[in-house]
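Tertiary structure, described
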Amino acid sequence: MKTIDELLSEGVAGRRVFVRADLNVPLDGTTITDDGRIRAVVPTVRALAEAGARVVVASHLGRPKGTPDPAFSLAPAAARLGELLGADVAFATDTVGESATATVDGLADGQVAVIENLRFNAGETSKDDAERGAFADRLAALADAYVGDGFGAVHRKHASVFDLPARLPHYAGYLIATEVGVLRKLTDDVKRPYVVALGGAKVSDKLAVIDQLLGKADRILIGGGMAYTFLKAQGHEIGTSLVQEDQVPAVREYLERAGKNGVELLVPVDTLVAAEFPDMKSKAPADPATVAADAMPAGRMGLDIGPATSALYASKLADAGTVFWNGPMGVFEHPDYAEGTKAVAQALIDSPGFTVVGGGDSAAAVRTLGFDEQAFGHISTGGGASLEYLEGKTLPGLAALED
Ligand SMILES: Nc1ncnc2c1ncn2[C@@H]1O[C@H](COP(=O)(O)OP(=O)(O)O)[C@@H](O)[C@H]1O
Ligand SMILES: O=C(OP(=O)(O)O)[C@H](O)COP(=O)(O)O
């Protein structure tokens with residue numbers, strides 16, 4: 001894999017360099033609530049700009065449906081990137097249209113532009129190779145070289161991640177190099193017990209990862225929106241909680257296999273429930289009840305792990321040699337559902353082992369809940385990407401950067 005340092009040594013002055021970043025940051029309206037992913041790509045963008053490149057930064061944000069949707073505009077991220085760089089950053093209001101072409105054509109050496117959300121185009125995420133390829137062709141017309149630095153998206157076989165690097169001289173950016181360097185430690189030299197904590201809302205993606213983790217981890221702690229598919233698989237009532245019905249049989253099989261393999265696969269013993277998902281705007285008190293995991297009332301939604309589960313999970317982290325945590329334990333953005341996530345974050349800090357927190361929201365959680373980033377071994381910008389790396393899978397966005 002060639003790195004950005006090789007590109008810099010070849011000389012980039014006057015060349016248009018496409019940087020595929022992951023600027024998928026949490027937003028409250030147009031306010032960025034955690035800018036960690038933007039800060040993470042600054043070294044790459046700054047190095048290119050200082051060397052005189054015309055830098056074209058691209059990313060997805062959220063999951064728009066292949067068509068422009070102002071709620072998912074990258075404009076706030078572009079503005080924040082400009083603040084962090086201490087320079088004007090141009091913004092194209094489309095991705096491969098007139099605005100993008102004019103904006104890139106208007107760049108002087110050393111200037112930076114952000115183009116609009118890649119996922120405003122159906123070609124970005126299409127499963128059809130030709131459709132993705134056609135979109136990648138249009139992206140390729142904007143640049144002379146490609147730097148892959150969107151680590152959080154390298155597990156996606158998307159046009160800007162997988163197809164575009166094949167069309168341009170391609171290099172790995174500083175963030176990808178750092179992330180891979182750290183995660184390699186978790187595959188090559190894992191100190192045991194190896195504990196993986198999983199939560200969050202991308203239930204389908206993350207349930208699939210457990211299959212492989214059962215052969216690698218000593219303990220797997222389940223929380224967040226994933227937990228209720230497990231409780232359902234155990235035959236419990238889960239009310240209106242998040243669930244991945246089609247994966248219930250697979251989860252049942254995981255529970256059985258964990259028992260046979262001697263892996264501790266732990267699910268919550270208690271949970272916080274409420275009548276509805278909390279109002280994130282007002283953050284009004286939600287008044288949840290704590291119930292045993294096998295006694296959830298119908299019509300209620302599980303929104304955090306309960307205190308007994310927090311204590312149990314803390315005890316399972318207390319002697320860990322290695323910890324990987326992806327996915328908040330509850331809807332931490334609301335103060336009434338943040339305790340489980342806080343407890344697990346604190347347990348990682350207290351653990352003697354090497355600790356890695358991965359994922360856009362998990363990283364945002366530890367920062368916005370007031371934890372010191374330095375107290376963790378590594379905070380990764382990738383959740384699903386890190387998990388799939390740890391699974392041992394070939395990641396499209398890394399494979400595409402190989403020579
Ligand atoms: N019980 C739950 N029900 C619904 N959403 C949940 C639950 N627990 C956690 N979440 C949500 O999961 C989201 C983060 O999920 P995800 O994107 O999978 O994590 P990451 O970005 O760290 O990989 C948070 O916004 C949080 O509110
Ligand atoms: O937020 C992301 O992943 P993560 O939630 O696993 O950390 C990445 O930006 C990938 O986004 P996607 O899961 O919509 O492809």
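Just so it is clear, the model here is predicted, and its values are computed rather than measured.

Take the overall build of the protein chain next. Counting secondary structure elements, the protein chain contains 16 helices and 17 strands. Against the compact-globule benchmark of 22 Å for 403 residues, the protein chain has a radius of gyration of 21 Å, which places it among compact chains. Each of the three principal axes of the protein chain carries a C-alpha extent, and together these read 65 × 45 × 40 Å. In the protein chain, buried positions account for 56% of the 403 residues. Within the structure as shown, the protein chain displays about 15,700 Å² of accessible surface, and the carbon and sulfur contribution to it stands at 50%. The distance from the centre of the 37 positive side-chain charges to the centre of the 54 negative ones in the protein chain is 3 Å.

What follows covers the site of ligand 2. Neighbouring ligand 2 are 13 residues, the closest being R63, R119, R156, K202 and G384. Expressed as a share of its isolated accessible area of 390 Å², the protein-covered part of ligand 2 is 95%. Residue composition of the shell around ligand 2, grouped by class: no nonpolar, 7 polar and 6 charged.

On to the UniProt feature "binding site: ATP" (unreviewed entry) in the protein chain. As annotated in UniProt, the feature "binding site: ATP" (unreviewed entry) corresponds to K206, G302, E333, G359, G360, D361 and S362 in the numbering used here. Note that K206 resides in helix α9 (residues 203–213). The residues touching K206, leaving out its near neighbours within four places in the chain, are L198, G199, M226, N326, G327 and L387. Ignoring sequence-local partners within four residues, the contact set of G360 consists of R37 and T381.

Taken together, 22 residues form the shell around ligand 1, and within it A201, K206, E333, D361 and S362 come nearest. Separating an oxygen atom of ligand 1 from a side-chain N or O atom of K206 is a distance of 2.4 Å. In this structure, a nitrogen atom belonging to ligand 1 sits 3.4 Å away from a main-chain N or O atom of G225. Isolated, ligand 1 exposes 580 Å² of accessible area, and the fraction of that covered by the protein chains is 91%. Put simply, the parts of the chain that give the shell around ligand 1 at least two residues each are β14 (301–305) and α14 (360–368). A breakdown of the residues in the shell around ligand 1 according to their chemical character gives 7 nonpolar, 11 polar and 4 charged.

Following the criterion strictly, the structure yields 1 aromatic pair and no others. Where F18 meets Y146, the ring centres are 5.9 Å apart and the plane angle is 10°; that geometry is what we call stacked. Here Y146 lies in strand β7 (residues 145–148) and F18 lies in strand β1 (residues 16–20), a separation of 128 residues in the sequence. Each member of the pair, F18 as well as Y146, is classed as buried. Residue placement shows K185 over the ring face of F354; its charged tip is 4.8 Å from the ring centre.

Following the UniProt record, one finds the feature "binding site: substrate" (unreviewed entry) at D22, L23, N24, R37, H60, L61, G62, R63, R119 and R156. Examined against the element boundaries, R37 turns out to sit in helix α2 (residues 36–50). Structurally, H60 can be placed in the loop between β4 (54–58) and α3 (75–85). If we ignore the near neighbours within four places in the chain, the residues touching H60 are R20, D22, L23, N24, L74, N117, L118, R119 and A153. Looking at H60, its side chain comes within polar contact range of the side chain of R20, at 3.2 Å.

Counting buried residues along β1, 4 of its 5 residues qualify, which places the element largely inside the surrounding structure. Direction of pairing for β1 relative to β4: parallel, over a ladder of 5 bridges. The residue of β4 that forms the bridge with F18 is V56. Bridging between β1 and β7 involves 4 bridges; their strand directions are parallel. Across the sheet, the residue bridging to F18 is Y146, located in β7.

What the 3 strands build is an open sheet, ordered β13-β12-β14; its pairing is antiparallel. Since the sheet does not close on itself, it has two edges, and those belong to β13 (289–292) and β14, each with one partner. Here the strands of the sheet are splayed against their neighbours by 45° on average, with no regard to which way each runs. Bridging between strand β12 (residues 270–274) and β14 involves 4 bridges; their strand directions are antiparallel. The residue bridging V273 from the neighbouring strand is G302, located in β14.

Taking strand neighbours across the sheet as the criterion, the 6 strands line up as β11-β10-β9-β15-β16-β17 in an open arrangement whose pairing is parallel. Unpaired on one side and paired on the other, β11 (264–266) and β17 (378–380) mark the two borders of the sheet. Ignoring strand direction, the axes of neighbouring strands in this sheet form an average angle of 15°. Pairing geometry for strand β15 (residues 322–326) and strand β16 (residues 354–358), over 5 bridges, is parallel. Its bridge partner lying in β16, N326 is registered against G358. On top of the sheet, helix α15 (residues 384–391) reaches β9 (194–198), β15 and β17; it is set at about 135° to β15, its chief contact.

Cut-offs applied
- Residues numbered from 1 in each chain as written.
- Chains lettered and ligands numbered in written order.
- Predicted model: local features only at pLDDT ≥ 70, side-chain atom pairs only at ≥ 80, totals over all residues.
- Heavy atoms only, no water.
- Helix = DSSP H or I, 4+ residues; strand = E, 2+ residues; numbered from the N terminus.
- Rg over C-alpha atoms; globule rule 2.2 N^0.38 Å.
- Buried < 20%, exposed > 50% of the residue type's maximum accessible area, 1.4 Å probe, protein only.
- Areas by Shrake-Rupley, 256 points an atom, 1.4 Å probe, with all protein chains shown as cover.
- Lys, Arg positive; Asp, Glu negative; His and termini not counted.
- Charge placed at Lys NZ, Arg CZ, Asp CG, Glu CD.
- Near = heavy atom within 4 Å.
- Nonpolar A, V, L, I, M, F, W, Y, C, P; charged D, E, K, R; others polar.
- UniProt positions renumbered as here; feature names shortened; annotations may be inferred.
- Contact = heavy atoms within 4.5 Å.
- Polar contact = N/O pair within 3.5 Å; in protein donor to acceptor, adjacent residues only side chain to side chain.
- Phe/Tyr/Trp six-rings, centres within 6.5 Å; stacked < 30°, edge-to-face > 60°.
- Lys NZ or Arg CZ within 6 Å of the ring centre and 35° of its normal.
- Pairing = 2+ DSSP bridges.
- Axes fitted to C-alpha atoms, helices over the stretch in contact; angles between N-to-C directions.

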